[in-house]
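# Close look at the chain arrangement
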Amino acid sequence: MDKRYIYVLLFVVGSIPFFVPMVLPLPITEMTSKYNDFIESIPDGSIVAFNVQIYRSTWPMLGSGSAVTTTRLFEKDCRIVFFTMSASGVPMIDFNVQEAFKINPKLSDKVYGADWVDLGFVSGDESGLAAFLTNIPGVLPTDSNGTPLEDIPIMKGIKTGGDIKYVINAAGSVSSPPLYFQRQWVAKYGVKLGLIAVKSTGPQVTPFIEAGEMQGALIGTGGCAEYEALTQKPGPALSLTNAGSITIIFLMLLMVASNINYYRGRK
Amino acid sequence: MNILDIFVAGRAVTSLMLLVFCFMLILIMELNLREKIALKIRRMAGVDAIDEAIGIAVEKGKPVMFLPGQGKLGTGRSGGALAAISTFSYVVKTCAEKGAKLLAPTMLPTVYSIMQDIVKQAYIAAGKREEYDPSIVTFVSPKMQAYMSKVGTMMEEERIGSCIMFGSWAGATLWMAERSFEAGAFSIGGTDSPSTIPFFLAVCDRCIMGEEIYAVGAYLSEDKAMIGSIGGQDIGKIIIILLLLIGSILVNLGVDVLPWFKM
Amino acid sequence: MMSFYKSTLPKWILFICGIVVLIASIFVVPEPLKNVSNEIQHFTSILTSFAICLGAVSLGINNVKRTVKKQSGWCYSIVLLISLIATIGIGISLGRKSANFMWIYNYLYMPLQAAIYSILFFQVGTAVYRTFIVKNPTATVLLIFACLTILGGAPAITCTIPGLTALNDWILAVPQMSGSRGIMIGLGVGIIGISVRTILGREKAYQMGEE
Amino acid sequence: MDPSPIIGMLMVLVMWSSLYKENPLYLIGENMLVGVSMGYFFVIAYNFIQTSCIKPMIAGSYYLVIAVVLGLMLFFNLHKKYSWVSRYPMWFIMGTSAALAMTGAIKAQITDQIRATILPVLSISSPMDIFNSIITLVLVIAGIMYFIFTREVKGPIRHVRTVGYWLLIITFGVLFGSTVLYRVDFFLGQLNKVLKPEIRPCTLLSAILILVVVKLWSRWQEQKGVVDE
């Protein structure tokens, strides 16, 4: 059978839920509830660093997790220092904040420079992050609009990575940041870190979560949907996860059919 | 002022352990290099799989295909490409001995030139300079999609008997494994990146997982420094296993070991 | 004399950078040495950006060569060169925050990248039908746990089978976590091995890459 | 009606047309992606060099000129004869990254994991936690032992290695399922974007249009192919 029939089937099965919306109850997994407890445990008004590496291409899948987290942090009057470790994430910092204001319009009175700052791109992956943490004004003397850090009220007391106690690492689909954030920030400065990443990163970070080195993680569209349900802020992730059910059931039936076909052929 | 104050606070025991590991690794690598000790890597299941694959191809009278993976040399993570090159020189020798036809399409220029040189040296060493065939190792294309489709069609046209996919693999893993399954070839998959190991495990007949490919590469290349380094790493792992056992025994006997790590 | 500049001096630079950063992050060192280590890391961050620029320049040069020599697919190289130069021109002249540059990011770069990655899903689709077959004990255990995880991702199934989410959480937290922890410790020792060989200049991969 | 989302959707459909058959539209899209992405990275990297190196250097910290010189030495990589000059910045990066990875890995990946595996089993109350921590200890040791290569494992310890093997198969099984779910999430995310209500009719129309164009092109290729043979 020509594989292009399977492609057509996958397209049809994948688009059914968009024409026939379905709402199903969603059980909460352990990683997501730990992440929610971590966000609620952050004291109001504290400074939180936020690495945005969810691009416009992975936003439909993971964006709502990052937007709802930003909304919750703003609702708790936390002051957020945004930065990104990959070039493609630079425009997404502003996009993420605007999405958060859409979720809770009352937040649009937040002042840039006092409640949140956009430091822009930090180049160099692991060594870049290490350099950034040893001397933040040294590596990034100005924020992404060009205003020097001295004139920004939020950055007053922040010189090194140790001055920030809470970190959200929205690593998205990039596989290396979860590891080098643990090695350079958590291991050397002892900060509390929450992760937002794709489904395939989930199993690889369980050792950190069980060891208490990572407070919690939103893994894949399912994790974001559960977090939306926990914080009662409905968003796109819930409908996408329900849509996934049909495609997953179809893939399972396909696998069963191929095994039956293989063993019938062998007899 | 006890001895641990010279270390950065909170990481004293960790840094001490790192220095012990580094010293031990350097010592064993130098001893093995100067033949003071003769470390030997145990017979790897991966090497038996490669011999089995070439044997099956010779029985069927079909060619063997070797794919060195997508790992680049000269970057931080070039262990996979290095292991692929050492394994390729063994495959060339075995194929020459058993008279199996060999095909090796590549997608990276540095890996291509090194593999072309290995084939030339093997034929000169076997004294068959005139039989040296430059078309064994071919440079297909640096673009992953183009490389995948051309190698896929090459597998069907040449009707390969066995397919050895060895090195650092990324996006092209599932496609190559599926094409070699359809061509009915006996396939071996070896990769060090965790996200692609499951695909080789599910689809190939034999799979070489994670760090095993470095050990197979060192075993086949007999490179003293690499074998010494792997020996040092093994001793490091044994130390960690002992720490786990002794630590859990001590903790259960009431001796509180955990604050030591936080000193 | 040339070989001193070609390989001995770079090896010394590699050794000095590695040792200074290593000592500054392990021991309590006087302030000047700490600043030197911080600046070395800052230099590395800057050099990585230069390497990205080098990547763009060498891509441009290779494609100009391909177009001049009329190699196969040279007309597509022209498309590549036009989009490369246009993006750099708009980005540098109008600035990163300009509307045109953001339009390229939102409606050219991101959709194209998203489409190529989503094609990987179809690879899984055809592979599920042809090759995920239970033919030996390894594939059996692998596919059992894979199916458990995949079914755990579908709300339609997790709300009909009550125990599935709890079972998946246990599998993730105990057996899978122990396996990942074993691999992580092995990789950690491996990274120390590679780093020691790199700083001592014994790592063969670099010499082989250059010659 | 802002046409931009439609152009974005067209880009996605052009790339998906390669699923039907490799065609010039797909090759144009692929090369445009490589050009646009490298151009985009160049602009962002250039901005970072400006803010982090050039402006502070002019403002006072003159030692940064060394970084600029090393950075320009990278470009010798393009020159056939003098490519060895680019080793200085390349190996500068390698040495620093090696030292940083090592000092980070020893704590995050080794000592923290050891500390988390050594658990005071007797003082834990619930039997389930006692069972979990004993199993974790045994399985972690089995997992590490599987990757020991220079010791021939004989006697009873050999069974610990087989336990390690099956443990790794379970670990990679779960990773396999998660990778499949990741690709399902990604595809449905894109499908949701393309099938948004406001551009849905336009999507279906242009999908049919692209398929027809590709079909005509491949038939023309076959006739041209026949003529060439």
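Residues numbered from 1 in each chain as written. Chains lettered and ligands numbered in written order. Predicted model: local features only at pLDDT ≥ 70, side-chain atom pairs only at ≥ 80, totals over all residues. Heavy atoms only, no water.

## As for the overall build of chain C
Assigned secondary structure in chain C consists of nine helices and zero strands. Since a compact globule built from 211 residues should have a radius of gyration of about 17 Å, the 26 Å found for chain C marks it as more spread out than a globular shape. Oriented by its inertia axes, the alpha-carbon framework of chain C measures out at about 70 × 55 × 40 Å. When contacts within chain C are restricted to residue pairs at least 6 apart in sequence, those whose partners lie at least 24 apart make up 16%. Surface accessibility of chain C: about 8,100 Å² in total, with carbon and sulfur atoms responsible for 72%. Charge-centre separation for chain C: the mean point of 15 positive side chains lies 13 Å from the mean point of 6 negative side chains. (Helix = DSSP H or I, 4+ residues; strand = E, 2+ residues; numbered from the N terminus. Rg over C-alpha atoms; globule rule 2.2 N^0.38 Å. Contact = heavy atoms within 4.5 Å. Areas by Shrake-Rupley, 256 points an atom, 1.4 Å probe, with all protein chains shown as cover. Lys, Arg positive; Asp, Glu negative; His and termini not counted. Charge placed at Lys NZ, Arg CZ, Asp CG, Glu CD.)

## Overview of helix 8 (residues 202-210) of chain A
Helix 8 of chain A sits mainly inside the fold: seven of its nine residues count as buried. Along helix 8 of chain A, the residues that are buried comprise G202(A), P203(A), V205(A), T206(A), P207(A), F208(A) and I209(A). (Buried < 20%, exposed > 50% of the residue type's maximum accessible area, 1.4 Å probe, protein only.)

## Some points on the side chain of D112(D)
Inspection of the secondary structure puts D112(D) in helix 4 (residues 87-117). If near-sequence neighbours (up to four positions away) are discounted, D112(D) is found in contact with A211(A), E213(A) and K107(D).

## Details of the domain arrangement of chain C
Interface size is often expressed as the accessible area that is lost when the parts come together. Per the domain assignment, the segments of chain C are domain 1 (1-59), domain 2 (72-118) and domain 3 (120-173). For domain 1 of chain C versus domain 2 of chain C, the separation of C-alpha centres amounts to 33 Å. (Domains from an automatic or database assignment.)

## Overview of the sheet that holds strand 5 (residues 192-197) of chain A
Residues and elements named next belong to chain A. The strand order 3-2-1-4-5-6 describes an open sheet built from six strands, whose pairing is parallel. Each having just a single partner strand, strand 3 (116-121) and strand 6 (216-219) make up the two edges of the open sheet. Taken over all neighbouring pairs, the strand axes of this sheet differ in orientation by 15° on average, direction set aside. As judged from the five bridges shared by strand 1 (residues 47-52) and strand 4 (residues 166-172), these two strands associate in the parallel manner. The residue of strand 4 that forms the bridge with N51 is N169. (Pairing = 2+ DSSP bridges. Axes fitted to C-alpha atoms, helices over the stretch in contact; angles between N-to-C directions.)

## Structural notes on the interface of chain D and chain C
Facing the 102 residues of chain D at the interface are 106 residues of chain C. Around 9,900 Å² of area is buried between chain D and chain C when both sides are counted, 83% of it from carbon and sulfur atoms. The interface formed by chain D and chain C contains zero salt bridges. If you look at where chain D meets chain C, you find 13 residue pairs in polar contact (both at pLDDT 80 or more). (Buried area = accessible area lost by both parts, 1.4 Å probe. Salt bridge = Lys/Arg side-chain N within 4 Å of Asp/Glu carboxyl O. Polar contact = N/O pair within 3.5 Å; in protein donor to acceptor, adjacent residues only side chain to side chain.)

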